[in-house]
Amino acid sequence: MTRQPAIFLSHGGGPCFWMDYPPPIGRHGFDLLRQHLSKLLATLPTRPDAIVLCSAHWEEPTFTVSTANQPGMLFDYYGFPPHTYQLNYPAPGHPTLAKQILQTLADADIPSLSNTSRGYDHGVFVPMLIVDPATDIPVVMVSIQNNMDVHEHYRLGQALATLREQNILVMGSGNIWHGPLMREELRAPSMAFNAWLAQAMAIPSSPERLEQLRQWHTAPYANMAHPHPDHLMPAIVIAGAGADDPGTMIFQDVIGGVCIASYRFG
């Protein structure tokens, strides 16, 4: 059975690939991110049988797994042009895999719940429409937990790591920087925070990586980068799913004055 990597990606802002933004982003501000996402499947050892995706835009008191057979659309952004609410991502769910995940979490003593009605939020459908435009790879969504506890999210990733051995791609979708935007003076702080994260992700020993990530509040400009760390938690999950593979930064760009990046384990 093919072993897939674990990948964290920065999903951009809102319906970014279908927008003409004013400066400093402009019409082509997200072009490099689009190119990165469009080539992602080609970098894998083989086409995955399914994708398990943890989105920053799904918070629950308890980790929750989507068991829907055909999730709908959840347009959880506001104030954008009408055409951005016509996007459609009809990828199937995978109830059998979802039930396996729930059992895997139970075996790891990680409390979890199931959800049959959750639609694809924009942390899922925005990047995935570029990653898999054929929309034929089944996707199982997994929530983050609203306590934002690093250890618990890392443990979630460690449990999901076993799926990588079954030709299942484990992904997280969030953002390296989820603080203020649109100011050139933010470039250096955002690059500094990402440099700290890159060093932490590259630690090959999983226990040592966890210990470093638990100290994320001490990273340069951490509170500015993540006033609320929802968009960091999927990166923590993927760091856990990375096992003892060192994490590698596979993409970096500056958009809207701040750094965004993607990371891969394996």
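Structure: see above.
The sections below set out a description of the structure shown in this document. (Residues numbered from 1 in each chain as written. Predicted model: local features only at pLDDT ≥ 70, side-chain atom pairs only at ≥ 80, totals over all residues. Heavy atoms only, no water.)

Some points on the packing of helix α4 (residues 150-160) against helix α6 (residues 206-213)
Relative orientation and spacing of two packed helices are given, respectively, by the angle between their axes and the distance between those axes. Here α4 crosses α6 at 150°, and the two axes come no closer than 10 Å. Taken together, α4 and α6 sit at an angle that is classed as roughly antiparallel. Regarding α4 and α6, the two cross each other, and that crossing is right-handed. Contacts between α4 and α6 pair Val150, His151, Tyr154 and Gln158 from the former with Ser206, Arg209, Leu210 and Leu213 from the latter. Classifying every residue of the contact of α4 with α6 by side-chain character gives 4 nonpolar, 3 polar and 1 charged. (Axes fitted to C-alpha atoms, helices over the stretch in contact; angles between N-to-C directions. Helix = DSSP H or I, 4+ residues; strand = E, 2+ residues; numbered from the N terminus. Parallel < 35°, antiparallel > 145°, perpendicular 65-115°, else oblique. Left-handed = near helix turned anticlockwise from the far one by under 90°. Contact = heavy atoms within 4.5 Å. Nonpolar A, V, L, I, M, F, W, Y, C, P; charged D, E, K, R; others polar.)

Here we look at α6
The complete set of buried residues in α6 reads Ser206, Arg209, Leu210 and Leu213. The buried residues of α6 occupy one face: seen down the axis, they fall within an arc of 100°. Residues of α6 that are exposed and point more than 90 degrees away from the buried face comprise Pro207 and Glu208. (Buried < 20%, exposed > 50% of the residue type's maximum accessible area, 1.4 Å probe, protein only. Arc of directions from axis to C-beta.)

Digging into the pattern of salt bridges
Applying the stated criterion across every chain, the model contains 8 salt bridges. A single salt-bridge network, built from bridges that share partners, covers Arg3, Arg164, Glu165 and Asp245. (Salt bridge = Lys/Arg side-chain N within 4 Å of Asp/Glu carboxyl O.)

Overview of the packing of aromatic side chains
Enumeration according to the criterion identifies 11 aromatic pairs in this entry. For the pair Tyr77 and Phe80, a centre-to-centre distance of 5.3 Å together with 75° between the ring planes defines the contact as edge-to-face. Arranged with centres 6.1 Å apart and planes meeting at 65°, the rings of Tyr77 and Phe125 form a pair that is edge-to-face. With a gap of 48 residues between them, Tyr77 in the loop between β3 (63-66) and α2 (95-107) and Phe125 in helix α3 (residues 122-131) connect regions that are remote in the sequence. An aromatic cluster is defined as three or more aromatic residues linked by ring pairs; in this entry it consists of Phe75, Tyr77, Phe80, Tyr85 and Phe125. (Phe/Tyr/Trp six-rings, centres within 6.5 Å; stacked < 30°, edge-to-face > 60°.)

From the geometry alone we can't say anything about function, so treat these as descriptive.
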